[in-house]
Amino acid sequence: MRREEDGHRHRLLERYKARFGDPVPLIRRQDVRGFVNRRPVWLVRPLGLKAVQKAAEGMELETKQFYEVAARRSQDAGIRQLLGDLAEEERNHAHIAEEIAHTKLSENEKARAKRLFLLQVIQPGLAGLMDGSVSTLAPLFAAAFATHQSWQTFLVGLAASVGAGISMGFAEALSDDGSLTGRGHPWARGFVCGVMTTLGGIGHTLPYLIRDVKTATAVAVCVVLVELGVISWVRHRFMDTPLVSAVLQVVLGGALVFLAGMVIGNS
């Protein structure tokens, strides 16, 4: 397809030179009425292989339509024939792109797709979940032991969760624009990280809607254990971390933060 598109360029330039000579004026895509309007590549990169295949199919169809419309408007028989031929070739390219999209990925392509998924979704999501589940433990349980009131504790946990989500979301988005590391669009990563951070804190905050603070604290502790177990499993499943090592690391961090909150709340 690349070689054929290069052939299109040569044919168009030869037709232009025969008609107008060698000098080529500066013509941008927005100067051509009805030309295909596409977002800059730097706004959508990097893309997964399947997304690239679908994008290529859409581009071929859009270009075909442009050539067809331009051919109908042309009053020159030679230009009309050239544009018609180009439109037909773009139609064939669209079929080729569709066939490519249905082919099975090779092992290397699967590994690359998995790596992109890890970098763009799993890694920021896991970082957010860990931060939300662990960092909010100290203020939440400190408020519970200090006030012995469920509603005030719930408000503290809610504020800590939302604040941590906003902070982590911006930190992830502003830390890397993805152009060098290939980690994807920064705001998409920031959104994933921020949402998972908030969810990680909200999970053990909701039990404090229970009026009895002791019951709420017991339920919150159970929720925390479930959250730490999920984090350990994700690290084992997607980050190839040994399960025992993942559990020990996550539980140790959670226990230290919980103890800090309990000590400060009882002081």
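Residues numbered from 1 in each chain as written. Predicted model: local features only at pLDDT ≥ 70, side-chain atom pairs only at ≥ 80, totals over all residues. Heavy atoms only, no water.

## Thoughts on the nonpolar core
The biggest cluster of nonpolar side chains holds 19 residues, and the ones touching the most others in it are F141, Y208, V224, L228 and I231. Those residues in contact with F141, other than ones at most four positions away along the chain, are Y208, T217, A220, V221, V224, F258 and G261. V36, F66, Y67 and L82 belong to the second largest nonpolar core, which has 8 residues in total. (Core = buried A, V, L, I, M, F, W, Y, C linked by side-chain atoms within 4.5 Å. Buried < 20%, exposed > 50% of the residue type's maximum accessible area, 1.4 Å probe, protein only. Contact = heavy atoms within 4.5 Å.)

## Some points on helix 8 (residues 186-203)
Taking 1.5 Å as the rise per residue, helix 8 with 18 residues should run 26 Å; its terminal C-alpha atoms sit 26 Å apart, in good agreement. Of the residues making up helix 8, those classed as buried are P186, R189, G190, C193, G194, T197, G200, G201 and I202. (Helix = DSSP H or I, 4+ residues; strand = E, 2+ residues; numbered from the N terminus. Expected span 1.5 Å × (residues − 1).)

## Comments concerning the packing of helix 7 (residues 150-175) against helix 8
Two elements in contact, helix 7 and helix 8, have axes whose closest approach is 7 Å; the angle formed by their N-to-C orientations is 160 degrees. Between helix 7 and helix 8, the crossing angle belongs to the class labelled roughly antiparallel. Two packed elements cross with a definite hand, and for helix 7 against helix 8 that hand is right-handed. Residues L158, S161, V162, A164, G165, M168, G169, F170, E172, A173, L174 and S175 of helix 7 form the contact with helix 8, whose participating residues are P186, W187, R189, G190, C193, G194, T197, T198, G201 and I202. (Axes fitted to C-alpha atoms, helices over the stretch in contact; angles between N-to-C directions. Parallel < 35°, antiparallel > 145°, perpendicular 65-115°, else oblique. Left-handed = near helix turned anticlockwise from the far one by under 90°.)

## Quick word on the packing of aromatic side chains
Scanning the entire structure with this criterion turns up 3 aromatic pairs. A centroid spacing of 6.0 Å and a plane angle of 50 degrees characterise the contact between F66 and Y67, whose relative ring orientation is tilted. When sorted by exposure, F66 lands in the same class as Y67, which is buried. Ring centres of W151 and F154 lie 5.4 Å apart, and the angle between their planes is 25 degrees; on these two criteria the pair is classed as stacked. Residue W151 and its partner F154 are located together in helix 7, separated by 3 residues, close to a single helical turn. For W151, a relative accessible area of 48% corresponds to the partly exposed category. Given a relative accessible area of 10%, F154 falls into the buried group. (Phe/Tyr/Trp six-rings, centres within 6.5 Å; stacked < 30°, edge-to-face > 60°.)

## Quick look at helix 9 (residues 213-238)
Over its 26 residues, helix 9 runs 37 Å from end to end, which matches the ideal 38 Å to within 8%, given 1.5 Å per residue. Among all positions in helix 9, only V213, A216, T217, A220, V224, E227, L228, I231, S232, V234 and R235 are buried. Just beyond helix 9, the residue with positive phi is D240, at close to 55 degrees.

In short, the description is geometric, and any link to function would need to be established separately.
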